[in-house]
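Observations on the three-dimensional arrangement
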Protein chains: 2
Amino acid sequence: MGSIKSNGRRVFLNDEECPIRNVVAQIGDKWSILIMFALIDAPDRFNSLKSRIEGISQRMLTQTLRDLERDGFVLRTVYPQVPVKVEYELTELGKGLSASVWTLVSWADDHHADIRKARQQYDEVNAE
Amino acid sequence: MGSIKSNGRRVFLNDEECPIRNVVAQIGDKWSILIMFALIDAPDRFNSLKSRIEGISQRMLTQTLRDLERDGFVLRTVYPQVPVKVEYELTELGKGLSASVWTLVSWADDHHADIRKARQQYDEVNAE
DNA sequence: CTGTATCCACCAAGATACTG
DNA sequence: CAGTATCTTGGTGGATACAG
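Residues numbered from 1 in each chain as written. Chains lettered and ligands numbered in written order. Predicted model: local features only at pLDDT ≥ 70, side-chain atom pairs only at ≥ 80, totals over all residues. Heavy atoms only, no water.

**Some details on unusual backbone geometry**
Here the amide bond leading from valine 82 of chain A into proline 83 of chain A is cis, since omega sits at 0°, within 30 degrees of zero. In this structure, proline 83 of chain A sits in the loop between strand S4 (74-79) and strand S5 (85-90). (Helix = DSSP H or I, 4+ residues; strand = E, 2+ residues; numbered from the N terminus.)

The structure is reproduced here in structure tokens:
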């Protein structure tokens, strides 16, 4: 549909072409990043992930894992035992994304204090 | 509330401490990144931003700019002319964030084809 | 153990109309 | 020009029950 330009580079807004829409928006949801980070060190099983990521529901874990699998970030392997065991691990693509995201989260962590201070100031000035 | 560990580093889930929740989630919305990228090269006025970022509504532009201002990423300056002129620009903090985000978007752009291919494959295998 | 299937509440976000 | 005020709605995500 449209686009903006930044640093001489076109950033598309339409859903087909825009990397922001297609990638950043996908992992900008509530759980994607947390799940990927939980898989950075080693593969893990469904229920183990569920207990490590506090607050996530079974439904959201399943759904988010499916989305990550669909995008090629996560590989799902079923071991036909009884009871069945399902392991999730990052693909090479997923590892690359995680590394990129880590840069951002790292920045966020380093500047967390500044941001909280800015918020506090803003709220004081615009006191309700 | 809880936390997960990644690379030997604790990633908190509670709203007070978690940098993912506090920063990534904030800019993971529909418009924040696009607005910041629109301001990377130079400051801009409200209506100019509105026309450059196609598809954004007046309401969302105002609201997202307020949030970015509150977090200290954007500076708002009012010039008391007639008609009034309001300029928005990135702060140093905002420039730092934009740079970090750019890394991610850049990665996304480079691997966009892989992701789309993965999706296509997934959808073929799981044909409805 | 690893899911799927429903139902439902909430809220982000669009449309529209109005204002300093 | 640069907003604010309402109203409405689609979709995200939680709770719960059930199944292979």
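Okay, back to it.
**Points about the interface of chain A and chain B**
Contact residues are listed per partner, giving 62 residues for chain A and 63 residues for chain B. When residues of chain A are sorted by the area they lose upon contact with chain B, Arg70, Leu104 and Arg119 of chain A head the list and together hold 12% of the total. Where chain A touches chain B, the interface holds four salt bridges. Linking chain A with chain B are six residue pairs in polar contact (both at pLDDT 80 or more). Counting only elements with at least two residues in the side of chain A that touches chain B, the list comes to strand S1 (3-6), strand S2 (9-12), helix H1 (19-27), helix H2 (32-38), helix H4 (58-70), helix H5 (92-110) and helix H6 (112-125) of chain A. Looking at the side of chain A that touches chain B, the element that brings in the most residues is H5 of chain A, giving 14 residues. (Contact = heavy atoms within 4.5 Å. Buried area = accessible area lost by both parts, 1.4 Å probe. Salt bridge = Lys/Arg side-chain N within 4 Å of Asp/Glu carboxyl O. Polar contact = N/O pair within 3.5 Å; in protein donor to acceptor, adjacent residues only side chain to side chain.)

**Side note on the nonpolar core**
One finds Ile35 and Leu97 of chain A together with Ile35 and Leu97 of chain B to be the most contacted residues of the largest nonpolar core, which totals 68 residues. If sequence neighbours within four positions are ignored, isoleucine 35 of chain B has contacts with Ile53, Ile56, Leu61, Thr64, Leu65 and Leu68 of chain B. (Core = buried A, V, L, I, M, F, W, Y, C linked by side-chain atoms within 4.5 Å. Buried < 20%, exposed > 50% of the residue type's maximum accessible area, 1.4 Å probe, protein only.)

**A few points about the relation of the copies chain A and chain B**
Superposition of chain A onto chain B requires a rotation of 180° combined with a translation of 0.0 Å along the rotation axis, giving an RMSD of 0.1 Å. Both copies are brought into coincidence by an operation consistent with a two-fold rotation axis. Ranked by how close their C-alpha atoms come to the rotation axis, the residues of chain A are headed by glycine 28 of chain A, at 2.3 Å. By residue overlap, the copies meet face to face through one surface: 100% of the interface positions of chain A are interface positions in chain B. (Least-squares fit on C-alpha atoms with pLDDT ≥ 70 in both.)

**Concerning the environment of glutamine 58 of chain B**
Residue and element names in this part refer to chain B. With respect to the helices and strands, the residue glutamine 58 is situated in helix H4 (residues 58-70). As a C-alpha pair, glutamine 58 and valine 84 span 26 residues in sequence and 17 Å in three-dimensional space. Filtering out sequence-adjacent residues up to four positions away, glutamine 58 remains in contact with Phe46 and Lys50.

**Some points on the pairing of S5 of chain A**
Residues and elements named next belong to chain A. Pairing analysis gives two bridges linking strand S3 (residues 44-45) to S5, with the strands arranged antiparallel. Bridge pairing in S5 links arginine 45 to glutamate 87. As paired elements, S4 and S5 share six bridges and run antiparallel to each other. Across the sheet, valine 78 pairs through a bridge with valine 86, a residue of S5. In this structure, the hairpin formed by S4 and S5 is closed by a connection of five residues. (Pairing = 2+ DSSP bridges.)

**Focus: the side chain of aspartate 44 of chain B**
Residues and elements named next belong to chain B. By the secondary structure assignment, aspartate 44 is in strand S3 (residues 44-45). Residue classification places aspartate 44 among the buried positions, given a relative accessible area of 11%. Within polar-contact distance, the side chain of aspartate 44 engages the side chain of serine 48 at 2.8 Å. Every residue in contact with aspartate 44, bar those within four places of it in the chain, is listed here: Leu39, Leu49, Arg52, Val86, Glu87 and Tyr88.

**Remarks on the sheet that holds S5 of chain A**
Reading across from one edge, S3-S5-S4 (chain A) is the order of the three strands in this open sheet, with antiparallel pairing throughout. A strand with exactly one partner marks an edge of an open sheet, and here the two such strands are S3 and S4 of chain A.

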